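Per-entry structural report
Listed below are the residues making up each chain.
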Amino acid sequence: MAKILVTGGAGYIGSHVVKLLGEKGYDILTYDNLSTGHEWAVLYGKLIKADLADKETLRKVFKEFKPDAVMHFAASIVVPESVRDPLKYYRNNVVNTLNLLEVMEEVGVKNFIFSSSAAVYGVPEKIPIPETEPLNPINPYGETKATVERILRNLTNSGNGFKYVSLRYFNVAGADPEGKIGFAYPEPTHLIIRALKTAKGEFEKLEIYGTDYPTPDGTCVRDYIHVMDIAEAHLIALEYLLDGGESEVLNCGYGRGFSVREVIETVKKVTGINFKVVEAPRRPGDPAVLIADNSKIKKKFSWKPKYDNLEFIIKTAWNWECIKNRDNL
Ligand code: UDP
């Protein structure tokens, strides 16, 4: 079975991919500095606690493990923080990715799967958004992801055999349906998690950031996708590259959206708890609508999402929140 090096495998999306790879029998090595990830989240393979800034360790790990492919999840991901501290984002997301790519080149590893984001589109002209929309990010986080995508394209065009699949995630949510892993970030900013924590009483109220958007109910619309369907897309991308597929950039979303108000109503329904919700000003940098055109990934990868159901997404996230609390994770 192929050997896969997973950076950020102890984090939210990375750990779900590690679980799926492990179940399929892949030989996995997670490389993670555990700055936001957790040792308990790595259910398969070995975990090396190290930083991508530490090129010496990275080189050593590559030489010993000899991976066939790299999946790169390790990154800083909080948009408002990226606005306050752009240098942190360029260092973690761009410079550290360069370290990784340089070591891959040194040791001759050619296959790369990259965690990109719908944030590369900024405020798109077309909805649903096709991959052909220009890269026009409106925050430093999106800039770093777009920068890495450009580097990857240049590297493929250099003719040294390097190949990648860049997956542009829309709003990843939910948790492992078996309840073993899930989102465990110290200060969550995401809507579904914040709503669940408000239901649990961890926050006194939930704020709706903006009610005057040009959408049916005035709140932002997003394409929420279950983390296990995202994980499945990674597995297909991996098999595609290992089978000799060419470099690709693909949206990962369901192609439909829900407003902030619809999400809140569904959280209330799933939890059975009626928590306090207040209207607040817009959050800077939020586009009104982000919905994926997913025809490319469906056609090219025959990707068949299993969990396109907002209630199910929220149920798995709620189940995980309760388990995390119970087990003090
Ligand atoms: N949002 C909100 N209240 C919150 C958190 C988020 O109204 O406490 C809104 C946010 O402004 C955006 C949507 O919910 O319109 C999704 O935000 P999230 O941070 O989950 O994901 P993003 O789309 O920013 O990646």
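Let us look at the structure shown here. (Residues numbered from 1 in each chain as written. Predicted model: local features only at pLDDT ≥ 70, side-chain atom pairs only at ≥ 80, totals over all residues. Heavy atoms only, no water.)

The strand order across the open sheet built from three strands is β12-β9-β14, with neighbouring strands paired in mixed fashion. The sheet is open, and its two edges are formed by β12 (258-259) and β14 (289-290), each paired on a single side. One ladder, built from two bridges, connects strand β9 (residues 221-222) with β14; its direction is parallel. If you follow R222 over to β14, its bridge partner there is L290. (Pairing = 2+ DSSP bridges. Helix = DSSP H or I, 4+ residues; strand = E, 2+ residues; numbered from the N terminus.)

With that settled, the discussion passes to the environment of K49. Within the secondary structure layout, K49 lies in strand β3 (residues 46-49). Put simply, K49 and T30 are 19 residues apart on the chain and 8.3 Å apart in space, counted from C-alpha to C-alpha. Ignoring sequence-local partners within four residues, the contact set of K49 consists of D32, N33 and L34. (Contact = heavy atoms within 4.5 Å.)

In the contact formed by helix α6 (residues 191-200) and helix α10 (residues 310-326), the axes pass within 10 Å of each other and the chain directions differ by 55 degrees. As far as their axial angle goes, α10 and α6 are oblique. In this structure, the crossing between α6 and α10 has a hand that is right-handed. Mapping the contact onto sequence places I192, I193, L196, K197, A199 and K200 in α6 and I313, I314, A317, W318, E321, K324 and N325 in α10. Counted by class, the contact of α6 with α10 contains eight nonpolar, one polar and four charged residues. (Axes fitted to C-alpha atoms, helices over the stretch in contact; angles between N-to-C directions. Parallel < 35°, antiparallel > 145°, perpendicular 65-115°, else oblique. Left-handed = near helix turned anticlockwise from the far one by under 90°. Nonpolar A, V, L, I, M, F, W, Y, C, P; charged D, E, K, R; others polar.)

Let us now look at the packing of helix α1 (residues 12-24) against helix α7 (residues 227-242). Across the interface, α1 lies against α7 with an axial gap of 9 Å and an inter-helix angle of 60 degrees. Overall, the two elements α1 and α7 adopt an arrangement that is oblique. α7 is crossed by α1, and the crossing has right-handed handedness. The residues of α7 that touch α1, namely those facing Y12, I13, H16, V17, L20, L21 and K24, are V227, M228, I230, A231, E232, H234, L235 and L238. Split into classes, the residues belonging to the contact of α1 with α7 amount to eleven nonpolar, two polar and two charged.

What follows concerns the site of the ligand. The immediate surroundings of the ligand are formed by 15 residues, with L191, E207, R222, R283 and D286 found nearest. Between the ligand and the protein, one listed contact pairs an oxygen atom with a side-chain N or O atom of N171 at 2.9 Å. The contact in question runs from a nitrogen atom of the ligand to an N or O atom on the backbone of E207, over 2.7 Å. Here the ligand, which alone exposes 510 Å², has 89% of that area covered by the protein. Counting residues per element, the ones that place at least two in the shell around the ligand are α6 and β8 (206-209). Here the element with the most residues in the shell around the ligand is β8; it accounts for four residues. A breakdown of the residues in the shell around the ligand according to their chemical character gives seven nonpolar, three polar and five charged. (Near = heavy atom within 4 Å. Polar contact = N/O pair within 3.5 Å; in protein donor to acceptor, adjacent residues only side chain to side chain. Areas by Shrake-Rupley, 256 points an atom, 1.4 Å probe, with all protein chains shown as cover.)

In any sheet, the strands associate via hydrogen bonds between backbone groups, in a parallel or an antiparallel arrangement. Spatial ordering of the open sheet is given by β3-β2-β1-β4-β5-β6-β11, a layout of seven strands whose pairing is parallel. Edge positions in the sheet fall to β3 and β11 (248-252), since each has one partner strand and no second. On average, adjacent strands in this sheet sit at an angle of 20 degrees to one another, irrespective of strand direction. Sitting on the sheet, helix α4 (residues 86-107) touches β1 (3-7), β4 (69-72) and β5 (111-117), and the angle it makes with β5 is about 165 degrees.

With respect to burial, strand β6 (residues 163-169) is a largely interior element, seven of its seven residues being buried. Alternating residues of β6 divide into K163, V165, L167 and Y169 and Y164, S166 and R168, and every residue in both groups is buried. Assessed by its sense of winding, the connection that carries the chain from β5 through helix α5 (residues 140-157) to β6 is right-handed. (Buried < 20%, exposed > 50% of the residue type's maximum accessible area, 1.4 Å probe, protein only. Right-handed = clockwise from strand over helix to strand, strands pointing away.)

This brings us to α10. The terminal C-alpha atoms of α10, which comprises 17 residues, lie 24 Å apart, in line with the 24 Å expected from a rise of 1.5 Å per residue. Every buried residue of α10 is accounted for by L310, I313, I314, T316, A317, W318, W320, E321, I323 and K324. Those residues of α10 that are buried are in contact with β7 (171-173), α6, β10 (224-226), β12 and α8 (260-271). Measuring from the backbone nitrogen of E311 back to the side-chain oxygen at the start of α10 gives 2.9 Å, which picks out N309 as the cap. Just beyond α10, the residue with positive phi is N328, at close to 60 degrees. (Expected span 1.5 Å × (residues − 1).)

Next up on the list: the packing of aromatic side chains. Scanning all chains against the criterion turns up nine aromatic pairs. Taken together, a centroid distance of 6.4 Å and an interplanar angle of 10 degrees make the contact between F112 and F114 stacked. F114 carries the same exposure label as F112, and that label is buried. Measuring from ring centre to ring centre gives 5.0 Å for Y307 and F312, while their planes differ by 10 degrees; the resulting arrangement is stacked. For Y307, a relative accessible area of 21% puts it in the partly exposed group. The class for F312 is partly exposed, based on a relative accessible area of 27%. For the cation-ring pair, K268 lies above F275, with the distance from its terminal atom to the ring centre recorded as 5.4 Å. (Phe/Tyr/Trp six-rings, centres within 6.5 Å; stacked < 30°, edge-to-face > 60°. Lys NZ or Arg CZ within 6 Å of the ring centre and 35° of its normal.)

Bear in mind that shape data such as this cannot, by itself, settle questions of function.
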